[in-house]
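Spelled out from the first residue to the last, the chains are:
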Amino acid sequence: MVTTGSDRHPWILHADLDQFQVAVERRRSPELVDRPVIVGGNGDPEERRKVVTCASYEARALGVHAGMPLRRAYLKAPEAVYLPTDGDTYSEASVEVMDTLRAAGHPVEVWGWDEAYIGLLPDAPDPASARAVDLADRLRRAIAALNLSLSVGIGRNKQQAKTATGFAKQAVDHIFVIDDGDWLPLMGDRPARDLWSIGPRTDAKLRGIGVRSVADLLAVEPQRLTEHFGNHQGRWLYTLARGGGDTSIVTEPPEAKSHSKVETFPDDIDDPFVLAQRVDALAGELLDQVVAEGRIVVRVAVTVRTRSFRTRTKSHTLRDRTIDRAALQAAARALLDAFEIDRPVRLLGVRYDLADGSAAGGNDEASGFAAGAGR
């Protein structure tokens with residue numbers, strides 16, 4: 001993991017690809033331009049328990065948004081074009097985009113298929129944002145050459161940059177700058193929920209102490225925040241309200257501590273034999289990913305969600321870390337058997353917690369790595 005700090009970045013840019021999955025689909029099928037397009041599941045709007053993963057702006061104008069069940073989207077937009085999620089194609093397009101961003105010569109931290117942070121490297125003592133705006137313009141033109149569209153927010157830290165992107169999407173040139181002096185005039189009257197990393201639960205707790213807007217949060221004494229939210233989160237909320245945030249750029253992702261795989265069933269399952277088959281399959285598919293990364297499993301967890309939406313997880317630390325397929329599947333089945341399942345199951349998941357580092361290099365298990373994975 002390579003991290004660059006705030007001393008090297010007078011400005012941080014947040015690059016966000018507009019309606020990315022739809023844009024990739026339109027790039028290969030230009031006839032979809034200007035039409036409402038909805039991506040999700042296998043492209044069948046009648047498919048049960050599948051959700052919208054991306055909606056074009058035309059579809060959003062009809063009330064469709066990401067995360068909405070496909071069936072509900074169909075009620076709002078029956079004339080839209082529905083397309084299956086094509087992860088491989090989106091991944092290839094994302095690699096193309098991120099390589100283009102890196103080609104500008106500044107550190108890039110990737111946050112998924114369609115999002116990245118770029119740390120502007122200083123050229124000379126220049127507190128003004130002109131160089132950052134120039135870089136944003138060059139990045140936008142480079143991405144436009146790929147037949148994709150980019151919005152860029154610019155700020156002193158990641159929160160400011162991410163917030164600025166929301167304004168950039170409404171701007172004519174799709175670029176927007178937030179500086180420390182702009183923060184309160186722009187954000188003071190907005191809901192505290194609009195701050196980076198504040199989710200529904202934190203927002204509900206804030207409302208419980210009378211905080212609804214960013215200005216409200218700004219007025220709360222730090223001691224009161226730490227009393228209600230703990231020392232770490234309380235100090236973080238105090239920082240967020242003032243427009244502070246993370247200033248690091250991590251150019252290589254940290255090593256994953258775990259991998260998981262879940263399956264939502266088209267129809268609820270109440271047959272224990274079928275559930276055992278599905279947990280076996282999930283455990284095996286997940287192991288393939290672990291083996292491909294040269295990692296070893298130290299802990300197994302199984303999650304069950306029933307028809308009532310009750311969700312539970314059980315886990316077990318292995319006596320010996322392993323990549324033995326039969327042993328891991330047996331551990332997952334044992335965890336599944338430990339549940340008292342009184343209703344049909346709608347979702348099943350398996351998670352592996354992983355040992356630090358790779359399996360290779362002086363490890364007794366490494367010599368049987370491939371063979372063990374295949375058993």
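The shown structure was predicted, so the numbers you read here are calculated from the model rather than taken from an experiment. (Residues numbered from 1 in each chain as written. Predicted model: local features only at pLDDT ≥ 70, side-chain atom pairs only at ≥ 80, totals over all residues. Heavy atoms only, no water.)

Asker: Before we go on, may I ask you to explain the overall build of the protein chain in this structure?
Answerer: Within the protein chain one finds 14 helices and 14 strands. When the backbone C-alpha atoms are referred to their principal axes, the protein chain occupies close to 65 × 50 × 45 Å. Nonlocal contacts in the protein chain, meaning residues at least 24 apart in sequence, comprise 66% of its contacts between residues at least 6 apart. For the protein chain, the accessible surface area stands at approximately 18,800 Å², while carbon and sulfur atoms represent 50% of it. Looking at charge distribution, the protein chain has the averaged site of its 48 positive side-chain charges lying 5 Å from that of its 54 negative ones. (Helix = DSSP H or I, 4+ residues; strand = E, 2+ residues; numbered from the N terminus. Contact = heavy atoms within 4.5 Å. Areas by Shrake-Rupley, 256 points an atom, 1.4 Å probe, with all protein chains shown as cover. Lys, Arg positive; Asp, Glu negative; His and termini not counted. Charge placed at Lys NZ, Arg CZ, Asp CG, Glu CD.)

Asker: What's the story with the sheet that holds strand β2 (residues 12-17) in this structure? I'm lost.
Answerer: To summarise the sheet geometry, strands pair through backbone hydrogen bonds and adopt either a parallel or an antiparallel arrangement. The mixed open sheet is built from five strands, whose spatial order is β6-β7-β2-β8-β9. Across the chains shown, the open sheet's two edge strands, defined by having one partner strand only, are β6 (108-110) and β9 (175-177). Across this sheet, the average inter-strand angle for adjacent strands is 20°, counted without regard to direction. Judged from the five bridges that link them, β2 and strand β7 (residues 115-119) form a sheet pairing that is antiparallel. (Pairing = 2+ DSSP bridges. Axes fitted to C-alpha atoms, helices over the stretch in contact; angles between N-to-C directions.)

Asker: Can you help me understand the sheet that holds strand β3 (residues 37-39) in this one?
Answerer: Spatially, β4-β3-β5 is the arrangement adopted by the three strands of the open sheet, whose pairing is mixed. Each having just a single partner strand, β4 (54-55) and β5 (81-83) make up the two edges of the open sheet. Strand direction decides the pairing type here: β3 and β4, joined by two bridges, are antiparallel. By the bridge assignment for β4, I38 is matched with A55. Against the sheet, helix α1 (residues 20-28) touches β3, β4 and β5, its axis set at about 115° to β3.

Asker: Can you walk me through the nonpolar core in this structure?
Answerer: Within soluble globular proteins, side chains that are nonpolar tend to cluster in buried spots. Grouped together as the largest cluster of nonpolar side chains are 34 residues, with contacts concentrated most on L13 and L101. Taken together, the elements giving at least two residues each to this core come down to β2, α1, β3, β5, α4 (87-102), β7, α5 (130-144) and β8 (150-155). Setting aside chain neighbours within four positions, we find L101 in contact with A15, V108, A116, I118, L139, I143 and L150. Core analysis: the next-biggest nonpolar cluster, separate from the first, contains 27 residues, V279, I323, L348 and V350 among them. (Core = buried A, V, L, I, M, F, W, Y, C linked by side-chain atoms within 4.5 Å. Buried < 20%, exposed > 50% of the residue type's maximum accessible area, 1.4 Å probe, protein only.)

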